[in-house]
Amino acid sequence: MSSTPAKSEASEAVETPDVLIVGTGLAGLGMAMKLLAAGHSDFVVLEKADGVGGTWRENTYPGCACDVASVMYSYSFAPNRAWSRMYAAQPEILDYIKRVTKEHDLDSHIRFNTEAVSYEFDEETDRWSVRTASGREYRARIVVLAHGSLHQPSVPDLPGMSRFEGKLFHSAQWDHSVDLKGKRVAVVGTGSSAAQFIPEIAGTAAHVDVFQRSAHWVLPKADRPLSSFEHKMFRALPFTQRLYRLAAYWTHEVPVLAFLNPRFLGLLETAALRMLEKQVPDPVLRAKLTPDYKIGCKRILLTNDYYPALQRPDVDLVTSPIAEFTESGIKSADGDLHEADVVILGTGFSTENRCASEHIVGRGGITIQEAWREGMTAHLGTTVAGFPNMFMLMGPNSGGGAQSILFVIEAQLHYVVECLRLMRARRATRMEVRADVQRAFNARLHDKLGRSVWNTGGCHSWFLDSTGSNRQSWPGTGTSYWRATRRPDPQAFVLSARPEGRRLVSVPRPAAAGRARKRG
Ligand code: NAP
């Protein structure tokens, strides 16, 4: 168990919101909007940074964009009629997030620059005591963890890395003070992020060496600007934008059926190989770019300009493994030294245990590390046995398929609101998923995943933990997840009430009560 941060004078000021949300990415803000819509205004949202946006605030690398169509990568309850393109870029997505925050008057609920560092469940009051880095305490009936699943940059410990004398940074922590013009740049990694920024920096940098460990499957991205006619149509006839959304929904939904039944993947592989053949005439380069595992095993790259960028005269694809870093570059296993002024790590995120370093202590003193000793596990990706009154958004095995994560998040927001409704109906002060229900649920889930391409496709992706167990994917379509999260099953939970705690059962307060709170 990690130690509780020391109390400071500031901790004397205790706030007691009914619901405490952690994180102001699309999940946390969505939770806030859904609570307001359900009549709950007594909530606080903690944000460690000084602005909203989560991953879309953090990732600012050139070319950063979404590979899910914008009509599907936005809240269904807050559509954006003005998306400039089919697939929006990061600045436009961040603007959308800021705009909906303002439109829903969420700022008054958010405590910026406030990092939650400790969560302890108080069995006397059925409340969570949440402490922040500055020592402030929040005592909340409900905690919603919305701090994202891809937010801890994975920085590999490659031999000699500390010797390198040039600039080195991770794609999620892009150093905009480094001017790449005329520099020799080495990129490590060829996943979704790298495939987006490599075409952007090629041509600015004097030379780019791309270190590929495994080839990724690539499919075309149906991106284009949305026309002024389409914008007018969306405004005048909102159902037409819903039709676009429906089309995007099924575009993401249908491949999931093949991911779950890999024998149907042939069509997707043929399409990807055809694109590779069309875009890469050189058979030697083509062979290097042909993956040796089944399509869908890792997230497919949707890009039209990645292969062309790799064929520029000032870009080299290096497939010999990285042997070591030197003062002036990277030496590959074939003995070549690739001189570099700047190294950019497109090496993804740590997903093994997203709460690994968190101090979360549930019922009976159990820590999240103890609960997840054998790997991250939850019920419907939202509740964990031993941690009453705590909900996770994008928790274990709720995403990582192909459906827009926003769709998954919305299903979870609905589920959490329904759980709060169930607690109120039962006059419960405590709601905890039953351990046996969670175990049986996960046995079924991992049995299904065992047959999916994510587990059997012959690759190791961030969906799998170090034991090879899939801790990210939902073993079904988005539709099946939506269905599973319509109503919480009362039988799946232990619902109890402390006699003295009954008065703490949520009674929605007038909106002004929430807004009047001061920032911490
Ligand atoms: P990623 O897909 O995990 O890719 C990491 C890359 O780094 C892989 O090519 C990996 O090689 C390589 N790598 C990692 N450690 C390495 C090492 N020690 N030596 C050499 N190479 C190494 O990470 P990402 O590109 O940041 O994307 C992560 C996820 O973020 C995506 O799957 C996606 O869900 C999300 N994302 C989404 C968008 C979007 O448009 N919505 C954009 C960017 C990211 P191997 O393949 O061999 O492991």
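Asker: I'm lost on the domain arrangement of the chain in this one. Help?
Answerer: Where interface size is quoted, it is often the accessible area lost as the parts come together. Taken domain by domain, the chain comprises domain 1 (19-152 + 353-514) and domain 2 (161-224 + 231-345). Relative to domain 2, the C-alpha centre of domain 1 lies at a distance of 29 Å. The interface of domain 1 with domain 2 comprises 46 residues on the first partner and 39 residues on the second. Across the domain 1/domain 2 interface, buried area totals approximately 3900 Å², and carbon plus sulfur atoms make up 56% of it. Of all residues in domain 1, Tyr 61, Asp 67 and Arg 81 give up the largest surface area on contact with domain 2, accounting jointly for 19% of the area buried on that side. Linking domain 1 with domain 2 are 2 salt bridges, by the criterion used here. A salt bridge links Arg 85 to Asp 223, with the nearest nitrogen and oxygen atoms 3.1 Å apart. Along the contact surface separating domain 1 from domain 2 lie 21 residue pairs in polar contact (both at pLDDT 80 or more). Where the side of domain 1 that touches domain 2 is concerned, the elements lending two or more residues are α11 (405-425), α13 (453-456) and α14 (478-484).

Asker: I'm lost on the sheet that holds strand β15 (residues 322-326) in this one. Help?
Answerer: Neighbouring strands of a sheet are bound in pairs by backbone hydrogen bonds; such pairs are parallel or else antiparallel. Pairing in this open sheet of 3 strands is antiparallel, and the strands run β15-β16-β17 from one edge to the other. The sheet is open, and its two borders are formed by β15 and β17 (337-339), each paired with just one other strand. Each strand of the sheet is rotated relative to its neighbour by a mean of 25 degrees, with strand direction disregarded. Bridge analysis of β15 against strand β16 (residues 329-332) gives 4 bridges, and the strand direction is antiparallel.

Asker: In this structure, what is going on with the layout of surface pockets? I would like to understand it.
Answerer: Rolling a probe over the atoms, with the probe sized like a water molecule, indicates the empty space that remains. A volume near 520 Å³ is recorded for the second largest pocket. Lining the second largest pocket are 27 residues, and of these Asp 67, Tyr 87, Thr 251, His 252 and Leu 302 lie nearest its centre. When residues of the lining of the second largest pocket are assigned to their parent elements, the largest contribution, 7 residues, is made by helix α6 (residues 238-260). Looking at the lining of the second largest pocket, its residues break down into 19 nonpolar, 4 polar and 4 charged. Structurally, the lining of the second largest pocket is a two-domain feature, drawing no fewer than three residues from each of domain 1 (19-152 + 353-514) and domain 2 (161-224 + 231-345).

Asker: Help me understand unusual backbone geometry, please; the structure alone is not making it clear to me.
Answerer: The bulk of non-glycine residues show a negative phi, and the bulk of peptide bonds are trans. The phi angle at Leu 380 is positive, at roughly 55 degrees, despite the residue not being glycine. Here Leu 380 lies in the loop between α10 (368-371) and β20 (390-392). Given a relative accessible area of 6%, Leu 380 falls into the buried group. Located in the positive-phi region is Asn 397, a residue other than glycine, with phi close to 55 degrees. For Asn 397, the position within the fold is in the loop between β20 and α11.

Asker: Sorry if this is basic, but what is going on with the site of the ligand here?
Answerer: The local shell around the ligand holds 24 residues, among which Asp 67, Ser 193, Ser 214, Lys 298 and Trp 462 are the closest. For the ligand, an oxygen atom lies 2.9 Å from a polar atom in the backbone of Thr 190. Contact distances for the ligand include 3.1 Å between an oxygen atom and a backbone N or O atom of Gly 346. Its free accessible area being 910 Å², the ligand has 85% of it covered by the protein chains. Counting residues per element, the shell around the ligand draws most heavily on helix α4 (residues 192-201), at 3 residues. Tallied by class, residues from the shell around the ligand come to 9 nonpolar, 11 polar and 4 charged.

Asker: I would appreciate a short explanation of the pattern of salt bridges in the present structure.
Answerer: Tallying each qualifying case throughout the model produces 24 salt bridges. Between Arg 224 and Glu 230 there is a salt bridge, with the nearest N and O atoms lying 2.8 Å from each other. Take Arg 224: its relative accessible area is 35%, and that puts it in the partly exposed class. Among the residues examined, Glu 230 registers a relative accessible area of 6% and is labelled buried. Ionic contacts of the salt-bridge type, sharing partners, join the residues Asp 122, Arg 131, Glu 137 and Arg 139 into one network.

Asker: So what exactly am I meant to see when it comes to the side chain of Asn 442 here?
Answerer: Secondary-structure assignment places Asn 442 in helix α12 (residues 435-449). Within the structure, Asn 442 has its side chain in polar contact with the backbone oxygen of Ala 378 (distance 2.8 Å).

Asker: How do you make sense of the environment of Phe 164 when you look at a structure like this?
Answerer: Tracing the backbone through its elements, the reader meets Phe 164 in the loop between β8 (142-145) and β9 (167-170). Note on Phe 164: relative accessible area 8%, which makes it buried. Separated by 91 residues in sequence, Phe 164 and Pro 255 have C-alpha atoms that sit 42 Å apart. Apart from residues no more than four positions distant in its own chain, Phe 164 is found in contact with Phe 325, Thr 326, Glu 327, Ser 328, Gly 329, Ala 340, Asp 341, Val 342 and Val 343.

Asker: Could you clarify how one ought to interpret α12 in this entry?
Answerer: Within an α-helix, residues lying three or four positions from one another point in the same direction, as the helix has 3.6 residues per turn. In a regular helix each residue adds 1.5 Å, so 15 residues correspond to 21 Å; α12 covers 21 Å between its end C-alpha atoms and thus fits that length. Of all the residues in α12, the buried ones are Val 437, Gln 438, Phe 441, Asn 442, Leu 445 and Leu 449. Relative to the axis of α12, the buried residues are bounded by an arc of 125 degrees and lie together on one face. Facing away from the buried side of α12 by more than 90 degrees, the exposed set consists of Arg 439 and Arg 444.

Asker: Is there a simple way to think about the state of the cysteines in this case?
Answerer: What is meant by a disulfide is a covalent connection between two cysteines, made through their sulfur atoms. For the structure shown, the criterion picks out 1 disulfide. The disulfide bridge from Cys 297 ends at Cys 459, spanning 2.1 Å between sulfur atoms. Every disulfide takes its handedness from the sign of the S-S torsion; for Cys 297 and Cys 459 that torsion is -95 degrees, giving left-handed. Residue Cys 297 is located in the loop between α8 (283-288) and β13 (301-302), and its partner Cys 459 is located in the loop between α13 and α14; the two are separated by 162 residues in the primary sequence. A single burial state applies to Cys 297 and to Cys 459, both of which are buried. Here Cys 66 stays unpaired: no disulfide links it, and the sulfur of Cys 64, its closest cysteine neighbor, is 8.8 Å away.

Asker: Whenever I open this one, the side chain of Thr 24 confuses me. Can you help?
Answerer: Checked against the element boundaries, Thr 24 lands in the loop between β2 (19-22) and α1 (26-37). At 2.6 Å, the side chain of Thr 24 forms a polar contact with the side chain of Glu 47.

Asker: In this structure, what is going on with the pairing of strand β7 (residues 137-140)? I would like to understand it.
Answerer: Looking down a regular strand, the side chains alternate between one sheet face and the other. Taken together, the 2 bridges between strand β1 (residues 14-15) and β7 define a ladder with parallel strand orientation. Counted as the bridge partner of Val 14 is Glu 137 from β7. Of the pairings in the sheet, the one linking strand β6 (residues 127-132) to β7 comprises 4 bridges and is antiparallel in character. Bridging from a neighbouring strand, Val 130 pairs with Tyr 138 of β7. Turn length for the β6-β7 hairpin, with the two strands adjacent in sequence and antiparallel, is 4 residues, and the turn residue Gly 135 shows positive phi of about 95 degrees.

Cut-offs applied
Residues numbered from 1 in each chain as written. Predicted model: local features only at pLDDT ≥ 70, side-chain atom pairs only at ≥ 80, totals over all residues. Heavy atoms only, no water. Domains from an automatic or database assignment. Contact = heavy atoms within 4.5 Å. Buried area = accessible area lost by both parts, 1.4 Å probe. Salt bridge = Lys/Arg side-chain N within 4 Å of Asp/Glu carboxyl O. Polar contact = N/O pair within 3.5 Å; in protein donor to acceptor, adjacent residues only side chain to side chain. Helix = DSSP H or I, 4+ residues; strand = E, 2+ residues; numbered from the N terminus. Pairing = 2+ DSSP bridges. Axes fitted to C-alpha atoms, helices over the stretch in contact; angles between N-to-C directions. 1 Å grid on protein atoms, 1.4 Å probe; cavity = no way out; pocket = protein on both sides within 12 Å on 5 of 7 lines; lining within 4 Å. Points joined across faces, edges and corners; volume = space filled by probe spheres on them. Nonpolar A, V, L, I, M, F, W, Y, C, P; charged D, E, K, R; others polar. Buried < 20%, exposed > 50% of the residue type's maximum accessible area, 1.4 Å probe, protein only. Near = heavy atom within 4 Å. Areas by Shrake-Rupley, 256 points an atom, 1.4 Å probe, with all protein chains shown as cover. Expected span 1.5 Å × (residues − 1). Arc of directions from axis to C-beta. Disulfide = S-S within 2.5 Å.

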